[in-house]
Amino acid sequence: MGLVGVQENGNGEMALSLGNKNKYKRMDSELSDGFDNDASHHNHHQLERKKSTRKYVLACAIFASLNNVLLGYDVGVMSGAIIFIQEDLKITEVQEEILVGILSVISLLGSLAGGRTSDIIGRKWTMAFAAVVFQIGAAIMTLAPSFQVLMVGRVLAGVGIGFGVMIAPVYIAEISPTIDRGSLTSFPEIFINLGILLGYVSNYAFSGLSVHTNWRVMLAVGILPSVFIGFALFIIPESPRWLVMQNRVEEARSVLLKTNENDKEVDERLSEIVAAAGMSNGDKNEEKAVWRELLSPSPSLRQMLITGFGIQCFQQITGIDATVYYSPEIFKDAGIESNSKLLAATVAVGVTKTAFILIATFLVDRVGRKPLLYVSTIGMTVCLFSLSLSLALLGNGQLGIALAVLCVCGNVAFFSVGIGPICWILTSEIFPLRLRAQASALGVVGNRVCSGFVAMSFLSVSRTITVAGTFFLFSLFSALSVLFVYKLVPETKGKSLEQIELLFQNHNEWQGVEVELGDSEHLVQKA
């Protein structure tokens, strides 16, 4: 029979033993194992919730961005379709400029109305309305027997695009977790680029059909993305920030539970949103009307408006739409002659533009908004100036063609890696909640007006001062955009939407200097 004794374990602790076979386990070891199992189970649950949340938010961002495919597709497809429309309907050069540029001008009406509409019916149903209006316009364009009917469809399509372009970045910014907001809010720009690429491919694919048919098929294909938006309505939730503005706080909380990784973060976000909406102290009804506040802004709001409106205008006055809409004209001026080669060159532009927007999506929440803006605006300035020199000095030789294609591709690459997506990110995140939709709409108006002006004047201006001279002007505007970014754009990486509002109220902290990295990290941890 064994003797009961006390033995010392390897850690210098005492354990009770019974003979040589039976040993009693210490009670604190059992407790420790239990705690370890609980912690392991909790960590596994948190990891699963994190994966589920990210997938859900990603799906919401993708579906919300589908309207932007329509804008991109229209821009891309019209660059080639206009060649055949001109031949089929016998339109003049002025009518060609109007047809191409009117969509950008008319879309500002949709953008202006979109802000107020989204405040009334919600962000989600505004996206649905945008898709329906565009579908009607695209159908009319496809069946148009004359220039006049084609213009009617173009106007309706422009209104639908205006609604969609304005609301998508706002919606995505309002449902996204702080740490992923930059990359997710760049999705609309990704889908614009995807649409442009699809438009270029459509041009190339259907160019072999008869002149009367090919451009109609090209335009009809643009209806397809809007059909998927109908399915998206059954998946995506309403914006939690809009729900709070409607006093539907519990519904907002249920949405935040799906889009944030833990309950503590949900409660913090909800408190910030309620406070920002002015509900916490009951002063909501005492605030000035939104438009009155926008027309007579406070110093901090004025700073936000200058930043948001300015970045949107610079995105367009640097000539990106001229580069995309009229790339066949640019390459023709460089020396490419056949239509098939012109359309093939535009496909290369579309591939480049789409590839580099993916790079921006990966970097925007890691590197920050401002460094990418510097790379983008400086790179565009160099490419636009080089394109101007190439067209002016090298003539129509093989070297001139190669440099023209390289400079155009370089310009769209630098655009896509910075100012292209980031202008939408900034506009959707810098404004206070009560003003966000309509202030963002003002920024989109600036964007569409500049886009329309460039698109509707490019051919006339290039005939007057040459294509090379026109791109020299674009390079000057691009150089000015570098200065604008330095002086008037803050770094917003790692800050919640509510913290960004406070940043502008204390804009002396960032004006003329970069935000310190440590501050950004602190805000990420706090968020």
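Throughout, a residue's number is its position along its own chain's written sequence, starting from 1. Reporting of local features is limited, given that this is a predicted model, to residues whose pLDDT is at least 70; pairs of side-chain atoms are given and counted only at 80 or more, and all residues count toward the totals for whole chains, interfaces and linings. The side-chain figures draw on all heavy atoms in the structure; neither hydrogens nor water molecules are used.

Caption draft 1: Inspection of the overall build of the chain at higher detail. Where helices and strands are cited, they refer to DSSP runs of H or I of at least four residues and of E of at least two residues respectively, numbered from the N terminus. In terms of regular secondary structure, the chain is built from 23 helices and three strands. The buried share of the chain, reckoned over its 527 residues, is 56%. As displayed, the chain offers around 22,100 Å² of accessible surface, 64% of which is attributable to carbon and sulfur atoms. Any residue under 20% of the maximum accessible area for its type is buried, any over 50% is exposed, and the rest in between are partly exposed; the area is computed with a 1.4 Å probe on protein chains only. We get accessible surface area from the Shrake-Rupley algorithm with a probe of 1.4 Å; when it comes to residues, only the shown protein chains can shield them.

Caption draft 2: Inspection of the packing of helix H3 (residues 93-121) against helix H21 (residues 436-488) at higher detail. Axis lines are fitted to C-alpha atoms, over the contacting stretch for helices. Their N-to-C directions set the angle, which ranges from 0 to 180 degrees. As a packed pair, H3 and H21 sit with axes 8 Å apart at the nearest point and diverge in direction by 175°. In terms of orientation, H3 and H21 fall into the roughly antiparallel class. For this classification, under 35 degrees means roughly parallel, over 145 means roughly antiparallel, 65 to 115 means roughly perpendicular, and everything else is oblique.

Caption draft 3: Representation of the environment of cysteine 407. Relative to the helices and strands, cysteine 407 is located in helix H19 (residues 398-417). For the pair formed by cysteine 407 and leucine 384, sequence separation is 23 residues and the distance between their alpha carbons is 7.0 Å. Note on definitions: a residue-residue contact is assigned when non-hydrogen atoms from the two residues lie within 4.5 Å. Each residue touching cysteine 407, except ones within four places of it in the same chain, is listed here: Cys383, Ser386 and Leu387.

Caption draft 4: Focus on the side chain of threonine 470. Within the element layout of this structure, threonine 470 appears in helix H21. The buried category is assigned to threonine 470, whose relative accessible area is 4%. Those residues in contact with threonine 470 that lie beyond four places of it in its chain are Phe458, Val461, Ser462 and Ile465.

Caption draft 5: Highlighting the packing of helix H2 (residues 66-89) against helix H4 (residues 123-143). One can describe the packing of H2 onto H4 by two numbers: an axis separation of 10 Å at closest approach and a directional angle of 30°. In terms of axis orientation, H2 runs roughly parallel to H4. Here the hand of the crossing between H2 and H4 comes out left-handed. Along its contact with H2, which presents Asn67, Leu70 and Asp74, the element H4 presents Met127, Ala130, Ala131, Phe134 and Met141. Throughout, the ten residues Ala, Val, Leu, Ile, Met, Phe, Trp, Tyr, Cys and Pro are labelled nonpolar, Asp, Glu, Lys and Arg are labelled charged, and all others, Gly among them, are labelled polar. For the contact of H2 with H4, the residue count by class is six nonpolar, one polar and one charged. In this scheme, a crossing is called left-handed if the near helix is turned counterclockwise away from the far one by less than a right angle; it is called right-handed if the turn is clockwise.

Caption draft 6: A look at unusual backbone geometry. Even without being a glycine, lysine 90 presents a positive backbone phi close to 55°. By the element assignment, lysine 90 lies in the loop between H2 and H3. A residue is classified by how much of its surface remains accessible, and lysine 90, at 64% relative accessible area, is exposed. Located in the positive-phi region is asparagine 247, a residue other than glycine, with phi close to 65°. Structurally, asparagine 247 can be placed in the loop between helix H10 (240-245) and helix H11 (249-259).

Caption draft 7: How the structure looks around the side chain of asparagine 214. Of note, asparagine 214 is situated in helix H8 (residues 211-220). By relative accessible area, which is 0% here, asparagine 214 ends up buried. Here a polar contact means two N or O atoms within 3.5 Å. Within protein one must be a hydrogen donor candidate and the other an acceptor candidate, and residues neighboring in sequence count only if both atoms are side-chain atoms. Polar side-chain contacts of asparagine 214 include one of 3.4 Å to the backbone oxygen of leucine 209. The residues touching asparagine 214, leaving out its near neighbours within four places in the chain, are Phe84, Phe206, Ser207 and Leu209.

Caption draft 8: The arrangement of H3 in detail. Each residue after the first adds 1.5 Å to the expected span of a helix. An ideal rise of 1.5 Å per residue puts 42 Å on 29 residues; H3 measures up with 41 Å between its terminal C-alpha atoms. Helix geometry: H3 is bent most strongly at glycine 101, by close to 40°. Remark: glycine 122 follows H3 within two positions and exhibits a positive phi of approximately 105°. The bend at a residue is defined as the angle formed between two axes, one fitted to the seven residues ending at that residue and one fitted to the seven starting there.

Caption draft 9: Representation of the environment of phenylalanine 309 within the structure. With respect to the helices, strands and loops of the structure, phenylalanine 309 is situated in helix H14 (residues 299-317). Its relative accessible area of 39% is what places phenylalanine 309 among the partly exposed residues. Separated by 135 residues in the primary sequence, phenylalanine 309 and valine 444 have C-alpha atoms spaced 7.7 Å apart. Not counting chain neighbours up to four residues away, the residues in contact with phenylalanine 309 comprise Leu442, Gly443 and Gly446.

Caption draft 10: Quick look at the pattern of salt bridges. What makes a salt bridge here is a side-chain nitrogen of Lys or Arg within 4 Å of a carboxyl oxygen of Asp or Glu, nothing more. Following the criterion strictly, the structure yields 11 salt bridges and no others. A salt bridge links arginine 123 to aspartate 119; its shortest N-O distance comes to 2.8 Å. Taken individually, arginine 123 and aspartate 119 each receive the classification buried, so the pair is uniform in this respect. Close ionic contact of aspartate 365 with arginine 369 constitutes a salt bridge, the shortest N to O distance being 2.9 Å. Arginine 369 gets classed as buried once you look at its relative accessible area, which sits at 1%. Among the charged side chains, a salt-bridge network with shared partners connects Asp119, Arg123, Glu174 and Arg436.

Caption draft 11: Molecular detail of helix H5 (residues 147-175). Compared with an ideal rise of 1.5 Å per residue, which puts 29 residues at 42 Å, H5 spans 42 Å between its outermost C-alpha atoms and is within 8% of the ideal. Of all the bends in H5, the largest measures some 25° and sits at isoleucine 167, one to four residues before the proline proline 169. With 23 of its 29 residues buried, H5 lies for the most part within the structure.

Caption draft 12: The nonpolar core, seen in detail. For this analysis, a nonpolar core means a set of buried residues of the types Ala, Val, Leu, Ile, Met, Phe, Trp, Tyr and Cys, connected via side-chain atoms within 4.5 Å. Formed by 113 residues in total, the largest nonpolar core has its most connected members in Ile85, Leu150, Ile311 and Phe458. For this core, the element with the highest residue contribution is H21, accounting for 14 residues. Here this core spans two domains, since at least three of its residues come from each of domain 1 (51-236) and domain 2 (297-510). Setting aside chain neighbours within four positions, we find phenylalanine 458 in contact with Glu97, Ala322, Tyr326, Ile330, Val467, Thr470, Phe471 and Phe474. In this structure, Leu243, Met245, Val266 and Leu433 belong to the second largest nonpolar core, which totals 14 residues. For the purposes of this description, domain bounds are those given by an automatic or database domain assignment.

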